[in-house]
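What follows is each chain in one-letter form.
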Amino acid sequence: MISPRLLEIIRCPSCRAELEADTLTCQSCAKHYVAVGGEYIDLRPETPFAEVTKYLDEAMHESGRHDRVSPPLLSAAIRNDMLRRFLDITRDDRVVDLGCGSGRALIWNRDSGAYLAGIDVSPHFSVEARDGVDLIVGDLRRLPVADASFTKAFTLDVLEHLSREALVQMLKETARVLEPGGWLFVYTHVRKNSPLAVGLRVINWLARGLERVGLVDLTHERLRKSDHVNSIADIPELERVVAEAGFRIERIRYYTPLVGGFVENILLRMAECWATRRAARAASNVVPDARAEVRAAHQWAQERLAKRGLTYGALLMLTWLMKLDIVLFGRIRSGPFFALLTRTV
């Protein structure tokens, strides 16, 4: 959606001047921007950055898995639970999701009563996000909003896609759009892992073996990770990078998903393969279309989850089981982590 509040804080990504609310024309450089369908505003810089995420690829969205927002389950639920615990969003807050993707985390946190907005370089937003929260298509290294527009921010599964230079740019921009003392919650990872990661490597080895015999399909997972840069070596380097950008690490919890890795990389992928074959059998009277079958499988799964029946209950139980990874291993320094950063400048 596009609210009057959003129109007050947006700025030209080229010169940072205010935009005319009715025409979206920059009052300084006269560049014109577009509101798409009354659902979001396209404020991408005129000259794009050289680094481009794979999230822009249409292949990432063929399955339709994020067209609609499902309830938070499995690792998505763990991320969202940690976000709520660390960031403590209240109705007085103004919060931005940096790299919001479909916008599902924004939808899951609307009950906070806070003002919520999302910014992503791609317009692949869910139906619920288009209708329910303010959305901007923009680059995180040149945020098209005014200084101190937000009290809190979060970014999930984004920083590992950026080079060190781009990461510093993005964090400096985040510091600019946060109020002094504002908080940024991040979920990402550094390259140096703990010995526990051996368990993850075994799980991934098993998943690849199952793929060779046709029991799982890791195509989407490989595409999702294909542009991971992983520019930060370890936690001490992370501390230096965030300090350079005007933040300090206030709080950190590590996440080595051994239970989660088995559930999502093995059990869930096997279930997805079964659902895809089920969709293929249902469409046996038409010309086979692998992409349509995958999309149909995801639509079927989303419909089952919406009914909050046995499928939802089973996934909820698995979600609680996956939380053992935080309870058992959350104090052990590892690659993946949740962190709360405080703006210091």
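Before going into details, it helps to say that this report is about the structure given with it. (Residues numbered from 1 in each chain as written. Predicted model: local features only at pLDDT ≥ 70, side-chain atom pairs only at ≥ 80, totals over all residues. Heavy atoms only, no water.)

Things to note about the overall build of the protein
- Tallying secondary structure elements over the protein gives twelve helices and nine strands in all.
- Across the 345 residues that make up the protein, the buried fraction comes to 51%.
- For the protein, restricting intrachain contacts to residue pairs at least 6 apart in sequence, the fraction spanning at least 24 positions comes to 76%.
- For the protein, the exposed surface amounts to about 16300 Å²; the carbon and sulfur share of it is 55%. (Helix = DSSP H or I, 4+ residues; strand = E, 2+ residues; numbered from the N terminus. Buried < 20%, exposed > 50% of the residue type's maximum accessible area, 1.4 Å probe, protein only. Contact = heavy atoms within 4.5 Å. Areas by Shrake-Rupley, 256 points an atom, 1.4 Å probe, with all protein chains shown as cover.)

Points about the nonpolar core
- Counting 47 residues, the largest nonpolar core has Ile10, Leu98, Phe150, Leu171, Leu184, Phe247 and Phe337 as its most contacted members.
- Here the element with the most residues in this core is helix H5 (residues 164-177); it accounts for seven residues.
- Those residues in contact with Leu171 that sit more than four places away from it in its chain are Leu184, Val241, Val242, Ala245 and Phe247.
- Counting residues in hydrophobic clusters, the runner-up holds 37 residues, among them Leu106, Leu135, Tyr255 and Phe338. (Core = buried A, V, L, I, M, F, W, Y, C linked by side-chain atoms within 4.5 Å.)

Concerning a nonpolar patch on the surface
- A cluster of nonpolar residues, Val198, Val202, Trp205, Leu206, Phe262 and Leu267, forms a patch on the protein surface that exposes about 550 Å² of accessible area.
- Put simply, the parts of the chain that give the nonpolar patch at least two residues each are helix H6 (197-212) and helix H9 (258-282).
- For the nonpolar patch, the element with the highest residue contribution is H6, accounting for four residues. (Patch = residues over 30% accessible without salt bridge, like charges linked within 9 Å, V, L, I, M, F, W, Y side chains within 5 Å. Salt bridge = Lys/Arg side-chain N within 4 Å of Asp/Glu carboxyl O.)

A short note on empty space enclosed by the protein
- As enumerated under the stated definition, the model contains one cavity of 30 Å³ or more in all.
- Size it by volume and the largest cavity reaches roughly 70 Å³.
- Considering the residues around the largest cavity, the lining is formed by Leu159, Glu160, Leu167, Thr188, His189, Val190, Asn230, Ser231, Ile232, Leu238 and Phe337.
- Along the lines of polarity and charge, the residues of the lining of the largest cavity split into six nonpolar, four polar and one charged. (1 Å grid on protein atoms, 1.4 Å probe; cavity = no way out; pocket = protein on both sides within 12 Å on 5 of 7 lines; lining within 4 Å. Points joined across faces, edges and corners; volume = space filled by probe spheres on them. Nonpolar A, V, L, I, M, F, W, Y, C, P; charged D, E, K, R; others polar.)

Some details on the environment of Ile78
- Summarising the element assignment, Ile78 is placed in helix H2 (residues 74-87).
- Its relative accessible area of 3% is what places Ile78 among the buried residues.
- Spatially, the C-alpha atoms of Ile78 and Thr319 are 7.7 Å apart, while their sequence positions differ by 241 residues.
- Not counting residues up to four positions away in its chain, the partners in contact with Ile78 are Tyr255, Met322, Lys323, Ile326 and Phe338.

Here we look at the packing of H2 against helix H11 (residues 310-322)
- Put simply, H2 and H11 touch, their axes get as near as 9 Å, and they point 55° apart. When the axes of H2 and H11 are compared, the pair comes out oblique. Crossing angle aside, the handedness with which H2 passes H11 is right-handed. On the side of H2, the interface is formed by Leu74, Ser75, Ala77 and Ile78, while H11 contributes Leu315, Leu318, Thr319 and Met322.
- Along the lines of polarity and charge, the residues of the contact of H2 with H11 split into six nonpolar, two polar and no charged. (Axes fitted to C-alpha atoms, helices over the stretch in contact; angles between N-to-C directions. Parallel < 35°, antiparallel > 145°, perpendicular 65-115°, else oblique. Left-handed = near helix turned anticlockwise from the far one by under 90°.)

Some points on the pattern of salt bridges
- Enumeration according to the criterion identifies 20 salt bridges in this entry.
- Close ionic contact of Glu244 with Arg164 constitutes a salt bridge, the shortest N to O distance being 3.5 Å. Here Glu244 is found in helix H8 (residues 235-244), whereas its partner Arg164 is found in helix H5, with 80 residues between them in sequence.
- The class of Glu244 is partly exposed, set by a relative accessible area of 43%.
- Residue class for Arg164 comes out partly exposed when judged on its relative accessible area of 33%.
- Across the pair Glu221 and Arg269 runs a salt bridge whose closest N-O atoms are separated by 3.4 Å. Here the residue Glu221 occupies a position in helix H7 (residues 219-225), and Arg269 occupies one in helix H9, the gap between them amounting to 48 residues.

Focus on the sheet that holds strand S7 (residues 178-189)
- The nine strands lie next to each other as S1-S2-S5-S4-S3-S6-S7-S9-S8, forming an open sheet whose pairing is mixed. Each having just a single partner strand, strand S1 (34-36) and strand S8 (247-254) make up the two edges of the open sheet. The average angle at which neighbouring strand axes cross in this sheet is 20°, direction not considered.
- Here strand S6 (residues 150-156) pairs with S7 via six bridges, running parallel. Looking across to S7, one finds that Phe150 is bridged to Leu178.
- Where H2 meets the sheet, it contacts S6, S7, S8 and strand S9 (336-343), and its direction lies at approximately 155° from that of S7.
- Contacting strand S3 (94-98), S6, S7, S8 and S9, H5 crosses the sheet at an angle of about 145° to S7. (Pairing = 2+ DSSP bridges.)

Quick look at the pairing of strand S5 (residues 134-137)
- Neither face of S5 is left uncovered, since the one carrying Asp134 and Ile136 and the one carrying Leu135 and Val137 both have all their residues buried.
- The pairing of strand S2 (residues 40-42) with S5 spans two bridges and is parallel. In the strand pairing of S5, Asp42 is matched with Val137.
- Pairing geometry for strand S4 (residues 115-120) and S5, over four bridges, is parallel.

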